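Residue-level structural notes
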Amino acid sequence: MGLLDILLGRTKPALPDLDQLFALPSAAVTLQAAMGFTPTGHGAVCFATVEGGAFEQTHREVQALLDADADRTGPPVELSRDAYGYSWLVSRRTPDQLPELVNDLHAVNSAMEVNGFGPQLLCSLAGFENKGDEGGRRLALVYLYKRASFYPFAPLPGEGQRRDSALELQVKAALANDLRIEQELSRWFPVWGAPGL
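Reference entry: report on the structure contained in this document. (Residues numbered from 1 in each chain as written. Predicted model: local features only at pLDDT ≥ 70, side-chain atom pairs only at ≥ 80, totals over all residues. Heavy atoms only, no water.)

Glancing now at the overall build of the protein chain. Within the protein chain, the secondary structure is distributed over five helices and six strands. Sequence-ordered secondary structure for the protein chain, helices as α and strands as β, is α-α-β-α-β-β-α-β-β-β-α. The buried share among the 197 residues of the protein chain stands at 44%. Long-range contacts, defined here as pairs at least 24 residues apart, represent 68% of the contacts in the protein chain between residues at least 6 apart. When the accessible surface of the protein chain is split by element, carbon and sulfur atoms take 56% of a total near 9800 Å². (Helix = DSSP H or I, 4+ residues; strand = E, 2+ residues; numbered from the N terminus. Buried < 20%, exposed > 50% of the residue type's maximum accessible area, 1.4 Å probe, protein only. Contact = heavy atoms within 4.5 Å. Areas by Shrake-Rupley, 256 points an atom, 1.4 Å probe, with all protein chains shown as cover.)

Structure (structure tokens):
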């Protein structure tokens, strides 16, 4: 980064760091102790949909790899598309299998990256819930691939697309020492209807 970049306020973008995902299990312990949220066992990787044989082959390889896991007790990994046209590879584990879920998310991201589809990766998320709090609240810890950082997303229950910004800020404060939190709140994109949440 040169002097001109500094004067013009340009910064180098963060490089993807998939190993940040491995901080999720320890963050889950903090989240449960501080706020009562526990893992749901559901997670997903979101990417821009790509057409073509190479992408389909990569998708099949990743799905076969994850489905071959002998410890998987739930349904197989599935691919879905949301209303906005993005693809989600969804993994479901039991709530006590967060480390295995993190391994699934890491494997999907790594396989996409190795096969040249890193630019299509958008985010990964792991779901959490607080069953005893106001009838059950849901929360996702979202990893932004291109920013190498996390942010919380807390949709409010009921109809409409509303989020619990106060809860998101509380989670940000609670996990500041556990995860690399995205500091630019404008990048805390809502992931409405995300599978795995």
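Read on, since the account is not over.
This part covers the packing of helix α2 (residues 24-35) against helix α5 (residues 165-174). Closest axis-to-axis distance for the α2/α5 pair is 10 Å, and the angle between their directions is 120°. Comparing the axis directions of α2 and α5 gives the class oblique. Every pair of crossing elements has a handedness; the one defined by α2 and α5 is right-handed. Of the residues in α5, those in contact with T30, L31, A34 and M35 of α2 are L167, Q170, V171 and A174. For the contact of α2 with α5, the class distribution of residues is six nonpolar, two polar and no charged. (Axes fitted to C-alpha atoms, helices over the stretch in contact; angles between N-to-C directions. Parallel < 35°, antiparallel > 145°, perpendicular 65-115°, else oblique. Left-handed = near helix turned anticlockwise from the far one by under 90°. Nonpolar A, V, L, I, M, F, W, Y, C, P; charged D, E, K, R; others polar.)

Now for the sheet that holds strand β1 (residues 38-48). Read from one edge of the open sheet, six strands run β2-β3-β1-β4-β5-β6, paired in antiparallel fashion. One side of each edge strand has no neighbouring strand; the edge strands of this open sheet are β2 (78-81) and β6 (149-153). Put simply, the sheet's adjacent strands are angled 25° from each other on average, direction ignored. Judged from the seven bridges that link them, β1 and strand β4 (residues 121-130) form a sheet pairing that is antiparallel. Within β4, the position partnered with A44 by the bridge is L125. (Pairing = 2+ DSSP bridges.)

As a further point, take α2. The periodicity of an α-helix, 3.6 residues per turn, causes residues three or four places apart in sequence to face the same way. The end-to-end C-alpha distance of α2 is 15 Å, a good match for the 16 Å that twelve residues give at a rise of 1.5 Å each. Inspection of α2 places L24, A27, A28, L31 and M35 among the buried residues, and these make up the whole buried set. Buried residues of α2, viewed axially, fall in a sector of 105°; they line one side. Structural note: α2 exposes V29 and A33 on the side pointing more than 90 degrees away from its buried face. On its buried side, α2 packs onto β1, α4 (98-114), β4, β5 (137-144), β6 and α5. Following α2 by one or two positions, G36 has its phi on the positive side, about 80°. (Expected span 1.5 Å × (residues − 1). Arc of directions from axis to C-beta.)

Counting across every chain of the model gives ten salt bridges. Where E184 meets R147, a salt bridge forms, and the shortest distance between an N and an O atom there is 3.2 Å. Remark: R147 occurs in the loop between β5 and β6 and E184 occurs in the segment after α5; sequence separation between them is 37 residues. Its salt-bridge partner being E184, residue R187 comes within 3.5 Å of it at the nearest N-O pair. (Salt bridge = Lys/Arg side-chain N within 4 Å of Asp/Glu carboxyl O.)

Two elements in contact, helix α3 (residues 53-67) and α4, have axes whose closest approach is 10 Å; the angle formed by their N-to-C orientations is 155°. Relative to α4, the element α3 is oriented roughly antiparallel. Crossing hand, α3 versus α4: right-handed. Packed against α3, whose contacting residues are F55, T58, V62, L65 and L66, the element α4 presents D104, A107, V108, A111 and M112 at the interface. For the contact of α3 with α4, the residue count by class is eight nonpolar, one polar and one charged.

This part takes up unusual backbone geometry. Within the chain, A148 stands out as a residue other than glycine whose phi angle is a positive 55°. According to the relative accessible area criterion, A148 is buried, its value standing at 0%.

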